[in-house]
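If you want the building blocks of each chain, they are given just below.
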Amino acid sequence: LLGSVAPLLAGLQLQELVPLLRSAVGSSATHLASSIATSIQGRLTNTEVMPALATEALDALARGNFSMQNLPAELLKVVEGAPFDLTASIVASLGLHGVEGKELKLCASFLSARPQQLRGLPQATLLRLVVAATKSMTLATALLNTLTSAVVSSLHCWNMDDVSKLLLAMAKLGSSTDEQSGLAQLFSH
């Protein structure tokens, strides 16, 4: 069955493959999702792919846990023209899977350099980024202080369940000096 899928996938455009991958991942169709992910990765090498579409594809790959070590470098190619919320989602997915490295640090620094845009992210994305920082030292060092400021600015709107998840994640971050300043900022509000 999977052998007959490849020719069908070859005839689809990238914008058709992305929702297909999201559906396959969501329904736990692992082998099908893997085939779709491979097809998407082949299409991303096309330099004519628009940054917004490339970012959608990268987000689908990241959420499906495909090609995680290569995604930061791929994201860096399109980050300037990419939707900020999708960039943050991809960075969160990478961190949640424990990805490290200089490319991820550059992606996190891109987010950190835009505190106003961070503040505008949905609380679910902010929470994912904080939790991701507990699993990726790269994210913790490059993003946590700016991220904490963004969280503090919207914390009054958070529900108690998400606040408890946030506090648990922040408590897991440990005792490094940079992380402590972010914790102090959070707990002072």
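A short tour of the structure in this document, coming up. Predicted model only: the values in this text are computed from it and were never measured. (Residues numbered from 1 in each chain as written. Predicted model: local features only at pLDDT ≥ 70, side-chain atom pairs only at ≥ 80, totals over all residues. Heavy atoms only, no water.)

1. Some details on the overall build of the protein
Logical step 1: Check the secondary structure of the protein and you find 12 helices and zero strands.
Logical step 2: Scanning the protein from its N terminus toward the C terminus, one meets helices and strands in the order α-α-α-α-α-α-α-α-α-α-α-α.
Logical step 3: By sequence separation, contacts in the protein at least 24 residues apart represent 70% of the contacts at least 6 residues apart.
Logical step 4: In the structure as shown, the protein presents an accessible area of about 9200 Å², 57% of it carried by carbon and sulfur atoms. (Helix = DSSP H or I, 4+ residues; strand = E, 2+ residues; numbered from the N terminus. Contact = heavy atoms within 4.5 Å. Areas by Shrake-Rupley, 256 points an atom, 1.4 Å probe, with all protein chains shown as cover.)

2. Examining the side chain of Thr-55
Logical step 1: Summarising the element assignment, Thr-55 is placed in helix α4 (residues 51-63).
Logical step 2: Non-local contacts of Thr-55, meaning those with residues more than four positions away in its chain, are made with Val-78, Ala-82, Pro-83, Leu-86, Thr-87 and Ile-90.

3. A look at helix α11 (residues 160-172)
For an α-helix, the turn length of 3.6 residues means that residues three or four places apart are oriented alike.
Logical step 1: Taking 1.5 Å per residue as the helical rise, α11 with its 13 residues ought to reach 18 Å, and the 18 Å between its terminal C-alpha atoms agrees with that figure.
Logical step 2: Within the sequence span of α11, burial applies to Asp-162, Val-163, Leu-166, Ala-169 and Met-170. Here the buried residues of α11 occupy an arc of 125° about the axis, which is enough to place them on one side. Exposed residues pointing more than 90 degrees away from the buried face of α11 are listed as Met-160, Leu-168, Ala-171 and Lys-172.
Logical step 3: Taking the backbone nitrogen of Asp-161 as reference, a side-chain oxygen 3.1 Å away marks Asn-159 as the first, capping residue of α11. (Expected span 1.5 Å × (residues − 1). Buried < 20%, exposed > 50% of the residue type's maximum accessible area, 1.4 Å probe, protein only. Arc of directions from axis to C-beta. Polar contact = N/O pair within 3.5 Å; in protein donor to acceptor, adjacent residues only side chain to side chain.)

4. A short note on unusual backbone geometry
Logical step 1: The backbone of Ser-28 sits at a positive phi, close to 60°, despite the residue not being glycine.
Logical step 2: In this fold, Ser-28 is placed in the loop between α2 (14-26) and α3 (30-43).
Logical step 3: You will see that Asn-65, though not glycine, has its phi angle at about 65°, which is positive.
Logical step 4: Position of Asn-65 among the secondary structure elements: in the loop between α4 and α5 (71-78).
Logical step 5: In this structure Asn-65 comes out as partly exposed when scored by relative accessible area, which is 41%.

5. Considerations on the nonpolar core
Logical step 1: By size, the foremost hydrophobic cluster in this structure holds 60 residues, and its most contacted members are Leu-21, Ile-40, Leu-61 and Leu-129.
Logical step 2: Of the residues forming this core, the biggest block, eight residues, is contributed by helix α10 (residues 137-154).
Logical step 3: Leaving out residues up to four positions away in the same chain, Ile-40 has contacts with Leu-14, Leu-17, Val-18, Leu-21, Ala-57 and Leu-61. (Core = buried A, V, L, I, M, F, W, Y, C linked by side-chain atoms within 4.5 Å.)

6. Considerations on the packing of α5 against helix α6 (residues 84-96)
Logical step 1: The N-to-C vectors of α5 and α6 enclose an angle of 165°; their axes lie 11 Å apart at closest approach. It follows from the interaxial angle that α5 and α6 lie roughly antiparallel. Like other packed secondary-structure pairs, α5 and α6 cross with a definite hand, here left-handed. Facing Leu-71, Pro-72 and Leu-75 of α5, the residues of α6 in contact are Thr-87, Ile-90, Val-91 and Leu-94.
Logical step 2: When its residues are assigned to classes, the contact of α5 with α6 shows six nonpolar, one polar and no charged. (Axes fitted to C-alpha atoms, helices over the stretch in contact; angles between N-to-C directions. Parallel < 35°, antiparallel > 145°, perpendicular 65-115°, else oblique. Left-handed = near helix turned anticlockwise from the far one by under 90°. Nonpolar A, V, L, I, M, F, W, Y, C, P; charged D, E, K, R; others polar.)

7. Quick look at α4
Logical step 1: Taking 1.5 Å of rise per residue, the 13 residues of α4 would be expected to cover 18 Å, and the 18 Å separating its terminal C-alpha atoms lies within 8% of that figure.
Logical step 2: Those residues of α4 not exposed but buried are Ala-54, Thr-55, Ala-57, Leu-58, Asp-59, Ala-60, Leu-61 and Ala-62.
Logical step 3: Looking at the buried positions of α4, the neighbouring elements they touch are α2, α3, α5 and α6.
Logical step 4: Immediately downstream of α4, the backbone of Asn-65 shows phi near 65°, a positive value.

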